[in-house]
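The residues making up each chain are set out below.
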Amino acid sequence: MKTDALTRSDFVPATRTGSAHQISRPSLSYWQDAWVRLKNNRQALASLFIVGALFLFTVLGPYIWTQSPARQSLAEISQPPTLGLRALVVDGAQTIAPKAVLSASLETLAAPHTRGVALQWKPIEGAQGYALYRNEVEPSERLDFGLPLAELKGAAQLTYQDRLNLEPKTYFYTVVPVSQGEEIGSRAVTLEVDVQLALQENEAQSYVAEAKIGEEIRLPAHPFGTDYLGRDMLARIIAGARVSLSIGFFAPIIYIFLGVLIGGLAGYLGGRVDMVLMRLTDLVIALPFLLFMILFRIAFGVGPGESGIIPMVVALVALSWTSSARLVRGQILQLRESEYVQAARLLGAKTGYLLLRHLVPNTIGVILVYLTFAIPSTIFTEAFLSFIGMGVVPPTPSWGSLSDDGIKTFLTYPHEFIVPAVFISITVLAFNLLGDGLRDALDPKMRGRE
Amino acid sequence: MFKYALKQIAAGIVTVFFIATATFTAMHAVPGDPLSKGKAIAPEVRKNLEAKYGLDQPVTKQYTMFLTNMVKGDFGISFTQANRSVNDIIREHFPISAILGLFAIAVAAAGGILWGSLTALYRNKWPDKLIMLAVIFGVSVPSFVVAALMQLGVTALNKHFGLQLFAVAGWGGLTHAVLPAVALGLSTMSFLTRLMRSSMLEVVNADYIRTAKAKGVSSTGIFFSHQLRNAILPVITVLGPAIAAITTGGFVVESVFAIPGLGRYFVQAVQQLDYTVIMGLTVFYGAYLVAMVILVDIVYGLIDPRIKVGKASG
């Protein structure tokens, strides 16, 4: 007999260490998996942050930036971006007495400000009169004195007060002697003048109630400048974002919902319903989109000077549901015939279960991607129509109508056009990149295509 | 092929008919009537005007009149400009829009094919990344912004060189067409670049390319006679809708560059509520777009031999 015979203790079950059969990665649902992929896409993630920031900007903006988008201010017309200018409170009607002795050949009387620049000059030999010019750059040897302000007949008048559209910047004033009807440019005198922003007392009191003549007050900050009526651009951009983004969000959500409904019905029911609905889709697709957007606007009785945001959304819905209907129909048709749906049906799944468990979850990714691309294209449409005055029209701000306002003064005050244009571009860019990322994340088969 | 073309044309005529009907319906859904918007007019004058424009007839009669006139090619008389017919307006302004559109589509197609091929050939290298970045901007910046920035840039350029390199506004010679055509074609070019890139990438790894390489065809030979020819086909299919986008895009670009084209005229007509002009131009534009799509379809059928096989069997 052997001594090393098996004993009972040799048959004790081994303790499970578990390492052999453990699933090494946590099981991820479709959405978790998509989120992981989206998180790894830096472009898409950045776009997601931008979209979130825009959303906050639009919703919380008016509570943080409390300036009114409608407050006009003649003193602040078309200001470039500032963080609050200092303005002098002056008496506009004040007359300025000439000096008895001048130290230079051309001098300013009193402090030059936007309510008036008073000039006095020494008589120039041989002058029978004087011509006054103002320029924003220093006159060069090409004798470009700039804007003609006045022609003074007779040599007696040696003072002039300029009140013509003065802005707070540096000007070059030139006095040219005139002799026998000829301007003698070689004997002209030029003076560089820094003009300070000034407000009349009543104007100033609308900003600071106790403002007095001679004091300096601080005007509100305008990080994006002001428009041609002196309205704060940041406040208008926020108000415009509310209009543009609401149209951009709600119109696609409504028309995609409609499209999903129609496409889903057509795809699921098939047969005659499918044929009728698809004929309808074909006809609506054939309508030239922008022309009918404009035509619908007239048909709704929206006049040339009215905004009509609701008619615009209705027109967008009426004309744009078609592509999502086609998309969903194709998807449903494909899914209906797929093996796993047939297997589910064979196992006795009811229609409701099939819809909720298989058809809807497998379509929703495609719809979501489509929505992400539909939002920027709707924002584009709104901007395009508003820009040609066929959408949202001033005074209602939208990014498109702000651009339309801004382009009129584009060459002199570019910020009024560039600010809304940049907002449109960034928003559309962010949504496009997010859409690309979502498509890659939700439909890995499509990755790298297009 | 001939049968296919005929079928397309028949479908196109049905579509135009539908567009005309939709236009008529939309315009007759306007509350009030077109004559009531202007200043007060004496009843006799009003009667005469209604008779002139056929507004005294019942709606069904008006509709048949509208359709028969349209078939005859008569779009009616303007409401706001005395005795100016819509046909005259089209004859005067459409050629300008058409030339501009032609330039723009040429810019878009040439650019799209070139850039798209480059990105596919240099896939994931710096030319690809650079061009695709530009493409993203091309689709994200509205055409009016591009137009305005180009005006500003070229104005500065002209000033810098002290000569008129390109005209920044108006319509005249070739130099007038360059900037608007680029502004108009840019977003379509971006779209075509993306399309060309993806179709080129599909072609690059195709079996027949490997065969050609194995036969010893040079890479330029492969590029021109195999890759380009096959990859270009999807680009041609979308040229129809691209023409539509460019034509309606002309509304904005024509007003930014002050070009007296039909798009700008249409916008003005809408602002003045010139009903006959709006209706006439909508149907005209609709017919033009449908015609372009059909034309592109037929050309596609001629270029791609596979489509004949597909049609014959199906």
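Structure shown above.
Residues numbered from 1 in each chain as written. Chains lettered and ligands numbered in written order. Predicted model: local features only at pLDDT ≥ 70, side-chain atom pairs only at ≥ 80, totals over all residues. Heavy atoms only, no water.

Caption draft 1: Here's a closer look at helix H10 (residues 239-256) of chain B. Residues and elements named next belong to chain B. With 18 residues, H10 extends 25 Å from end C-alpha to end C-alpha; this agrees with the ideal 26 Å at 1.5 Å per step. In the structure, H10 departs most strongly from a straight axis at glycine 250, where the bend amounts to approximately 40°. Of all the 18 residues making up H10, 15 are buried; the element is thus mostly covered by neighbouring parts of the structure. With its phi angle positive at about 50°, alanine 258 sits one or two positions after the end of H10. (Helix = DSSP H or I, 4+ residues; strand = E, 2+ residues; numbered from the N terminus. Expected span 1.5 Å × (residues − 1). Bend = angle between axes of the 7 residues up to and from the residue. Buried < 20%, exposed > 50% of the residue type's maximum accessible area, 1.4 Å probe, protein only.)

Caption draft 2: Quick peek at the packing of aromatic side chains. Tallied over the entire structure, the rule returns 18 aromatic pairs over all chains. Between phenylalanine 24 of chain B and tyrosine 63 of chain B the ring centres are 5.1 Å apart and the planes differ by 55°, which places this aromatic pair in the tilted class. Placement of phenylalanine 24 of chain B in helix H1 (residues 2-28) and of tyrosine 63 of chain B in helix H3 (residues 59-72) is noted, with a sequence separation of 39 residues between them. Relative accessible area serves as the criterion here: at 6%, phenylalanine 24 of chain B is assigned to the buried category. Following the ring pairs from residue to residue traces out a cluster consisting of Phe57, Phe224, Trp399 and Phe423 of chain A. Directly above the ring of tyrosine 171 of chain A sits arginine 134 of chain A, whose terminal nitrogen or CZ lies 4.6 Å from the centroid. (Phe/Tyr/Trp six-rings, centres within 6.5 Å; stacked < 30°, edge-to-face > 60°. Lys NZ or Arg CZ within 6 Å of the ring centre and 35° of its normal.)

Caption draft 3: Layout of the sheet that holds strand S10 (residues 198-200) of chain A. All names here are of chain A. Taking strand neighbours across the sheet as the criterion, the three strands line up as S10-S1-S11 in an open arrangement whose pairing is mixed. The sheet is open, and its two borders are formed by S10 and strand S11 (216-218), each paired with just one other strand. Averaged over all neighbouring strand pairs, the angle between strand axes comes to 40°, with direction disregarded. Relative to S11, strand S1 (residues 86-90) is paired through three bridges, and the arrangement is antiparallel. Across the sheet, the residue bridging to arginine 86 is arginine 218, located in S11. (Pairing = 2+ DSSP bridges. Axes fitted to C-alpha atoms, helices over the stretch in contact; angles between N-to-C directions.)

Caption draft 4: Summary view of the sheet that holds strand S2 (residues 106-113) of chain A. Residues and elements named next belong to chain A. Ordered in space as S2-S3-S6, the three strands form an open sheet in which the pairing is antiparallel. In the strand order of this sheet, the two ends are held by S2 and strand S6 (159-162), each with one partner. Going across the sheet, the axis of each strand differs from the next one's by a mean of 15°, ignoring polarity. Across four bridges, strand S3 (residues 116-121) lies against S6 in antiparallel orientation. Considered in S6, the bridge of glutamine 120 is made with threonine 159.

Caption draft 5: The arrangement of empty space enclosed by the protein in detail. Enumeration according to the criterion identifies four cavities of 30 Å³ or more in this entry. Considering the residues around the largest cavity, the lining is formed by 13 residues, among which Ser97, Ala98, Gly101, Thr247 and Glu254 of chain B are closest to the centre. Elements that contribute at least two residues to the lining of the largest cavity include exactly helix H4 (86-121), H10 and helix H12 (275-303) of chain B. Ranked by residues supplied to the lining of the largest cavity, first place goes to H4 of chain B with five residues. By residue class, the composition of the lining of the largest cavity is seven nonpolar, five polar and one charged. When its volume is computed, the second largest cavity comes out at roughly 70 Å³. Taken together, Met293, Ile294, Arg297, Val302, Ser307, Gly308, Pro311, Met312, Ala315, Leu385 and Met390 of chain A make up the full set of residues lining the second largest cavity. The set of elements that each furnish at least two residues to the lining of the second largest cavity consists of helix H6 (289-299) and helix H7 (309-336) of chain A. For the lining of the second largest cavity, the residue count by class is eight nonpolar, two polar and one charged. (1 Å grid on protein atoms, 1.4 Å probe; cavity = no way out; pocket = protein on both sides within 12 Å on 5 of 7 lines; lining within 4 Å. Points joined across faces, edges and corners; volume = space filled by probe spheres on them. Nonpolar A, V, L, I, M, F, W, Y, C, P; charged D, E, K, R; others polar.)

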